[in-house]
Amino acid sequence: MAKKEQKQATALSALLQENRKFKPSVDFTKQANVRDSAIFETAAKDPESFWAGFAEKLQWDRKWDKVLDWQHPHAKWFVGGKLNACVNCVDRHVQNGMRNKAAIIWEGEPGEQRTLTYWDLYREVNKFGNALRSLGITKGDRVAIYMPMIPELVIAMLACARIGAIHSVVFGGFSAEALKDRINDAQAKLLITADGGFRRGQLIPLKHDADYALRETPCIENVVIVKRGDFPLRIKEGRDHWWHRLMQEAKSYCEPESMDAEDILYILYTSGTTGKPKGIVHTTGGYLTGTYATTNWVFDLKPSDVFWCTADIGWVTGHSYIVYGPLANGATQVMYEGAPDWPDRDRFWQLVEKYGVTIFYTAPTAIRAFMKWGHEWPSKYDLASLRLLGTVGEPINPEAWMWYHEHIGLGSCPIVDTWWQTETGMIMVTPLPGLTETTPGSATKPFPGVNADVVDEQGNSVPVGGGYLAIKSPWPAMLRGIYGDAERYVQQYWSKWDGVYFTSDGAKRDENGNIWVLGRVDDVLNIAGHRIGTMEVESALVDHECVAESAVVGVDDELKGQAITAFVTLKEGHDADKKLEDRLREHVAAKIGAVAKPKEIIFSANLPKTRSGKIMRRLLRDIAAGDVLGDTTTLADPDVVTKLKKHYEEQYGV
Ligand code: PRX
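Because the structure is a prediction, the values reported are computed rather than measured.

Parameters and conventions
Residues numbered from 1 in each chain as written. Predicted model: local features only at pLDDT ≥ 70, side-chain atom pairs only at ≥ 80, totals over all residues. Heavy atoms only, no water. Buried < 20%, exposed > 50% of the residue type's maximum accessible area, 1.4 Å probe, protein only. Helix = DSSP H or I, 4+ residues; strand = E, 2+ residues; numbered from the N terminus. Pairing = 2+ DSSP bridges. Right-handed = clockwise from strand over helix to strand, strands pointing away. Axes fitted to C-alpha atoms, helices over the stretch in contact; angles between N-to-C directions. Near = heavy atom within 4 Å. Polar contact = N/O pair within 3.5 Å; in protein donor to acceptor, adjacent residues only side chain to side chain. Areas by Shrake-Rupley, 256 points an atom, 1.4 Å probe, with all protein chains shown as cover. Nonpolar A, V, L, I, M, F, W, Y, C, P; charged D, E, K, R; others polar.

I would appreciate a short explanation of the pairing of strand S7 (residues 166–169) in the present structure.
Along a regular strand, successive side chains alternate from one face of the sheet to the other. Neither face of S7 is left uncovered, since the one carrying Ile166 and Ser168 and the one carrying His167 and Val169 both have all their residues buried. Alignment of strand S6 (residues 142–146) against S7, held across 4 bridges, turns out to be parallel. What sits directly across from Ala144, in S7, is Ser168. As for the winding sense of the linkage, the β-α-β connection from S6 through helix H7 (residues 151–163) to S7 is right-handed. Where S7 meets strand S14 (residues 264–270), 2 bridges bridge the pair, whose relative direction is parallel. Its bridge partner being in S14, Ser168 is matched across the sheet by Ile267.

Got a minute to help me understand the sheet that holds strand S24 (residues 501–509) in this structure?
Strands belonging to one sheet form pairs held by backbone hydrogen bonds; the direction of such a pair is parallel or antiparallel. If you trace the 4 strands from one edge of the open sheet to the other, you get S21-S22-S24-S25, paired in antiparallel fashion. With partners counted over all chains shown, the strands left at the sheet margins are strand S21 (452–455) and strand S25 (515–520), one partner each. Each adjacent strand pair in this sheet contributes to an overall mean axis angle of 40°, direction not counted. Bridge analysis of strand S22 (residues 465–471) against S24 gives 6 bridges, and the strand direction is antiparallel. Its bridge partner being in S24, Ile471 is matched across the sheet by Tyr501.

Honestly, the site of the ligand in this entry has me stumped. Any pointers?
Taken together, 17 residues surround the ligand, and among them Asp417, Thr418, Thr422, Asp505 and Arg520 come closest. At a separation of 2.9 Å, an oxygen atom of the ligand approaches a polar side-chain atom of Gln421. In this structure, Asp505 approaches the ligand through a side-chain N or O atom, which is 2.6 Å from an oxygen atom. Out of a free accessible area of 550 Å², the ligand has 96% covered by protein chains. For the shell around the ligand, the secondary-structure elements that each account for two or more residues are helix H12 (316–328), strand S20 (415–418) and S25. Here the residues of the shell around the ligand are counted per class, giving 6 nonpolar, 6 polar and 5 charged.

Below, the structure written as structure tokens:
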């Protein structure tokens, strides 16, 4: 057996040996939103009625004529229906007696606190909707958002939804370059940003960074700036506007736009293997139905809960499980601006105790960091308010699951390991906490009404064993396309098997029918739960004046799941040294963002490639993992690369 496969087989069997099981407690099940396992069968028999049942709980201006129109790979959900996402997330609760219920309990990293009730949120989104209209934004216009985790970010998104503008949120940790590309791809007319935000005690000067992007974004007509602190910045008269000034002048009621169920709600960029980031398109009715339903069932959300999803809104997790899902359910949530280890490693647990958080949703990478810091940090706090825990973003290793269970859940909270993607819009494979027996490391079963399956290369279902994770029927929150690239949508997701969605994830199913997601089968990296294309990092490296060529691969990393190792070939006349290594790291951070900084840089005389010119990533991955060469400095010798390549070709027949 080839070495790589051997490694994978060990990984699989190691997972298989995991046979600890956790049944929901009788008390949890008694109070759970979903208690009857018959729902799986009912939903599978008639998924359209199942989803329509949730859609009926939303507020529609006009009811749909047809639940689903599926001309694969193009789906339309709730055809002919009209609704507004902002009205469903805000107005509806104000009208239904929840005016003074806390919607968002926010804490800034330096420690400020703000609580916005649903009525506060209502007032703010109305005024900001009018502010946007006063700047000429109308239905269908794209609005880019580049902000820290402050309530104005949620207000900005909902205000866009209210007036029918399409928001495109760009993660505040991304660089000016990344912002520029995303603004131009979406042809955004307006940018909403802030003077800055706080991260690990440092000021992140967002507007200052955005100014670099704005030099090359001719489509942007106006910029709105939230004043978060005292960050130095330049104002360009006529183009730049302070948020608070606009709000002073804005009228208090903004008529919501009645949107078609299939009108675009937002675009969110995500990485793919090749080419530029993809603008994933989500529409209104189906997306809201899917996020509403999954928030309610997966998190067992009740009106009395205090929900905290620690993700940044710049990622899909924040879109679906801070903004649309929880707010459509009328939830009370905690929102925190900063880092978990600021000023100390107990910040999260302090917040859980302080606000009485009942449901906590975070990423495995964070859990691994908590583990590393030690359980003395959470043990200083009273975490008894917690009743449910969740994870998302990457596979969770059983040790981390057990640590989470014992030290955060105090042995009594169900854990929902939720698998989904930017493209799926909503949680797809997950336990239902009142019903599912969980096993550490497995996301268990598809959500009712979701036809996810483990299939082989030909697309045949694999009853027990490994294969690909695929989705065989449309679901309401599914992506509707890639913005401006209809062809790539078909190619990327629907061309491997006829009418079946390709997730790019490897998975296996065990004897109990539980699904284990094993990670991506393409070259996309997953660093601390952030999906990053190899191509983006490589382009950033090659952009440096000293670099001729580069290839990056992911290597296992205890803390981040994966870390980046970059192979770099320098241009003639440049020497590899530690200084250059640091400069290259900084260069990547400036071009894409700190999250994409390579952990290791290996200078190589040339890169091993196949005859068709494809970089032999498998070889590079083995080198990076230390499986092939102990001492990577020898890669500076061109003969070594040639020999390695030859040996590899013989071994793998590539
Ligand atoms: O590889 C899977 C991994 O994250 C990918 C999706 O990344 P993104 O679109 O950025 O969305 C992240 C948040 C939904 C998936 O293709 N992934 C996500 N959740 C899990 C996971 N892998 C294993 N288990 C999970 N629970």
